[in-house]
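Per-entry structural report
The primary structure of each chain is shown beneath.
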Amino acid sequence: LGRNVTPSLVEKIKPDVLILAAGGIHDIPQIPGINGRNVVTSETLHHQLKFFSRFAGPRLLRWLTKFYMPVGKKVAIIGGRLHGCQTAEFLTRRGRKVTVLDTGTEDVLAEGVVYPLLRISLLDWLDNKGVEMLTGVKYEEVTDKGLVITTPDGNRRTIEADTIATALPLKPDTALIKSFEGTAKEVYAVGDCNDPNLIIDAVASGYDTAIRI
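Residues numbered from 1 in each chain as written. Predicted model: local features only at pLDDT ≥ 70, side-chain atom pairs only at ≥ 80, totals over all residues. Heavy atoms only, no water.

Notes on helix H5 (residues 116-128)
Residues lying three or four places apart along an α-helix face the same way, a consequence of the helix completing one turn every 3.6 residues. Keep this limit in mind: Segments assigned H or I by DSSP are reported as helices when at least four residues long, segments assigned E as strands when at least two residues long, and all are numbered from the N terminus. For a helix, the expected span equals 1.5 Å multiplied by the residue count minus one. Two residues qualify as a contact provided that any one of their heavy atoms is within 4.5 Å of a heavy atom in the partner residue.
Its 13 residues give H5 an end-to-end C-alpha distance of 18 Å, which sits within 8% of 18 Å, the value for a rise of 1.5 Å per residue. Each element contacted by the buried residues of H5 is listed here: helix H4 (82-92) and strand E5 (132-134). Downstream of H5 by a residue or two, glycine 130 has a phi angle that is positive, lying close to 85 degrees.

Below, the structure written as structure tokens:
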């Protein structure tokens, strides 16, 4: 625990089997301004929530995350699938005005919710709370005023926001997997590290690998 696991460390331990379960990589669109102070990643929000949860109970945690988060009152979320819609719900419940934007069609909104009725319920809730959902857009740049996009009809528009939050699906960590090749007789990659999906899929891949070895 608390150590950076490297290929040389694994070679020193000399295991018969190595299982990589290090998680996926956060997908950050490479557009001008994405490294600005008004941009926060879902990874940052996640780590902050974990930090607060170490010291606060559920009721205090709700109060803390309502006032002490690195986001302003108006938030534009890059990504409208499960990750983006859940982030939108989280922020809306804490008094933020949220706009969700995705490059795909309306069919991808809340994609990843296990049960269709839950997906419909989530989208209805967001709609009733005034969350604007824009699809088919192209992310152009982040400015001091917000997120600049190109709409499906080719018009350029600025979504005014105090904060731009990225919440795109994770990507597999192919570089990590490749770096550990040959460090053990058998090397397996499980969960988001190999195939980003839902928690149930990550658990299943770990189980299947355990059975295999």
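Examining the pattern of salt bridges
Condition: Any carboxyl oxygen of Asp or Glu that lies within 4 Å of a side-chain nitrogen of Lys or Arg is treated as forming a salt bridge with it. Note on exposure labels: buried denotes an accessible area under 20% of the residue type's maximum, exposed denotes more than 50%, and partly exposed covers the range between, all computed with a 1.4 Å probe on protein chains only.
All told, the structure shown has 8 salt bridges when counted by the stated rule. Two residues, aspartate 102 and arginine 81, come together in a salt bridge whose shortest N-O distance is 3.8 Å. With a gap of 21 residues between them, aspartate 102 in the loop between strand E4 (97-101) and H5 and arginine 81 in the loop between strand E3 (74-78) and H4 connect regions that are remote in the sequence. By relative accessible area, which is 23% here, arginine 81 ends up partly exposed. Its salt-bridge partner being glutamate 111, residue arginine 81 comes within 2.9 Å of it at the nearest N-O pair. A residue pair is termed long-range when its members are at least 10 positions apart, and arginine 81 in the loop between E3 and H4 and glutamate 111 in the loop between E4 and H5 qualify at 30 residues. The class for glutamate 111 is partly exposed, based on a relative accessible area of 41%. Within the structure, one salt-bridge network assembled from shared partners comprises Arg81, Asp102 and Glu111.

Here we look at the sheet that holds strand E9 (residues 163-166)
How we decide: Note on pairing: two strands pair once DSSP finds at least 2 bridges between them. Each axis is a line fitted through C-alpha atoms, and for a helix only the stretch in contact is used; angles between axes span 0 to 180 degrees, taken between their N-to-C directions.
Reading across from one edge, E2-E9-E3-E4-E5 is the order of the 5 strands in this open sheet, with parallel pairing throughout. Each end of this open sheet is capped by a strand with a single partner; those strands are strand E2 (39-41) and E5. Mean inter-strand twist for the sheet, computed between neighbouring axes without regard to direction, equals 20 degrees. Note: E4 against E5, 3 bridges, orientation parallel. Paired with threonine 99 across the strands is glutamate 132, a residue of E5. Where H4 meets the sheet, it contacts E3, E4 and E5, and its direction lies at approximately 170 degrees from that of E3.

Concerning unusual backbone geometry
Positive phi outside glycine occurs at lysine 14, with the angle close to 60 degrees. Under the relative-accessibility criterion, lysine 14 is labelled exposed at 67%. Residue alanine 110 is not a glycine yet carries a positive backbone phi of 60 degrees. Relative to the assigned elements, alanine 110 resides in the loop between E4 and H5. When its relative accessible area of 0% is taken as the criterion, alanine 110 is described as buried.

Quick notes on the environment of leucine 117
Within the element layout of this structure, leucine 117 appears in helix H5. The spacing of leucine 117 and aspartate 201 is 84 residues in sequence and 20 Å in space, taken between C-alpha atoms.

With respect to the pairing of E9
Judged by which residues are buried, E9 turns out to be covered on both faces: Thr163 and Ala165 on one side and Ile164 and Thr166 on the other are all buried. Looking at chain direction, E2 and E9 are connected through 3 bridges and run parallel. By the bridge assignment, valine 39 is partnered in E9 with isoleucine 164. Bridging between E3 and E9 involves 4 bridges; their strand directions are parallel. Bridge pairing links alanine 76 to isoleucine 164 in E9.

Section: the sheet that holds strand E8 (residues 156-160)
Taken in spatial order, the 3 strands of this open sheet run E6-E7-E8, and their pairing is antiparallel. The open sheet has two edge strands with one neighbour each: strand E6 (138-142) and E8. Pairs of neighbouring strands in the sheet enclose a mean axial angle of 30 degrees, with direction left out of account.

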